[in-house]
Amino acid sequence: MILSRLLASVLLLAAPAAFAFDFKSVGAAPVILYDTPSTKGARMYIAPRGMPLQVISSYGDWVKVRDANGDLAWTEAKGLSPRRNLVVRTPGAKVFAGPDETSQVLMTADRGVLLELVDPTALAWIRVRHRDGIDGYVRANDVWGL
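Scoring rules and cut-offs
- Residues numbered from 1 in each chain as written.
- Predicted model: local features only at pLDDT ≥ 70, side-chain atom pairs only at ≥ 80, totals over all residues.
- Heavy atoms only, no water.
- Helix = DSSP H or I, 4+ residues; strand = E, 2+ residues; numbered from the N terminus.
- Buried < 20%, exposed > 50% of the residue type's maximum accessible area, 1.4 Å probe, protein only.
- Polar contact = N/O pair within 3.5 Å; in protein donor to acceptor, adjacent residues only side chain to side chain.
- Contact = heavy atoms within 4.5 Å.
- Core = buried A, V, L, I, M, F, W, Y, C linked by side-chain atoms within 4.5 Å.
- Pairing = 2+ DSSP bridges.
- Phe/Tyr/Trp six-rings, centres within 6.5 Å; stacked < 30°, edge-to-face > 60°.
- Salt bridge = Lys/Arg side-chain N within 4 Å of Asp/Glu carboxyl O.

Caption draft 1: Geometry of the side chain of serine 25. Take serine 25: it is sitting in strand S1 (residues 22–26). Using a relative accessible area of 1% as the deciding quantity, one classes serine 25 as buried. Of note is the side chain of serine 25, whose polar atom sits 2.8 Å from the backbone oxygen of arginine 83. In this structure the side chain of serine 25 is engaged in a polar contact, spanning 3.0 Å, whose partner is the backbone nitrogen of asparagine 85. The contact partners of serine 25, leaving out residues within four places of it in the chain, are Gly50, Met51, Pro52, Gly79, Leu80, Ser81, Arg83, Arg84 and Asn85.

Caption draft 2: Fine view of the nonpolar core. Core analysis: the largest hydrophobic core is formed by 13 residues, its most contacted members being Leu86, Val88, Leu115, Ile126, Val128, Val138 and Val143. Secondary-structure elements contributing two or more residues to this core are strand S8 (85–88), strand S9 (93–96), strand S10 (105–109), strand S11 (114–117) and strand S12 (125–129). Other than its neighbours up to four places away in sequence, valine 128 contacts Leu86, Val95, Leu115, Glu116, Val118, Ile134, Asp135, Gly136 and Val138. One finds Val26, Ala47, Leu53 and Leu80 within the second-largest nonpolar core, a separate group that totals eleven residues.

Caption draft 3: Structural detail: the pairing of S11. Both S8 and S11 contribute to a ladder of three bridges, which runs antiparallel. Bridged to leucine 86 within S11 is leucine 115. Here S11 runs beside S12; their pairing, made up of two bridges, is antiparallel. Bridge pairing links glutamate 116 to arginine 129 in S12.

Caption draft 4: Spatial organisation of the packing of aromatic side chains. A complete count under the given rule lists four aromatic pairs for this structure. Seen from their ring centres, phenylalanine 21 and phenylalanine 23 are 6.4 Å apart, and the 85° between their planes marks the pair as edge-to-face. Relative accessible area serves as the criterion here: at 6%, phenylalanine 23 is assigned to the buried category. Relative to tryptophan 144, the ring of phenylalanine 23 lies with its centre 5.2 Å away and its plane at 85°, an arrangement referred to as edge-to-face.

Caption draft 5: Just the pattern of salt bridges, in detail. Scanning the model with the defined rule gives seven salt bridges in all. As a salt-bridge pair, aspartate 142 and arginine 139 come within 3.1 Å of each other at their nearest N and O atoms. One salt-bridge network, in which partners are shared between bridges, spans Arg83, Glu116, Arg127, Arg129 and Asp135.

The following block contains the structure:
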């Protein structure tokens, strides 16, 4: 009985790591997103530099990705970077000096603003960096790309 509870606890703690999503960001140049894994497919749209994308699957040199709106598309893997960016999804999201709401507000970010993920292990409060050099914490609910 004790052993089964211990095993259940270990599995519960390991679950988040086992179900972690694979995110990448668009590299130095914008990439074209297609409806199929081929340049002969229909072009859906162009993803700008730094845009976070969730990698769903791979097929040769191509990856199937999901964007912040939930749309699925294909792009060439070589256009993606392992650098992790997040996109603000809550209008007026606040970036705080510390990981709590009593900390000083360093900036307010509009929906769609890109933030670099500084600490990928955080859960409720995410440490981020804005391109202007502001380094702080945002609530996980306010961003997409984790």
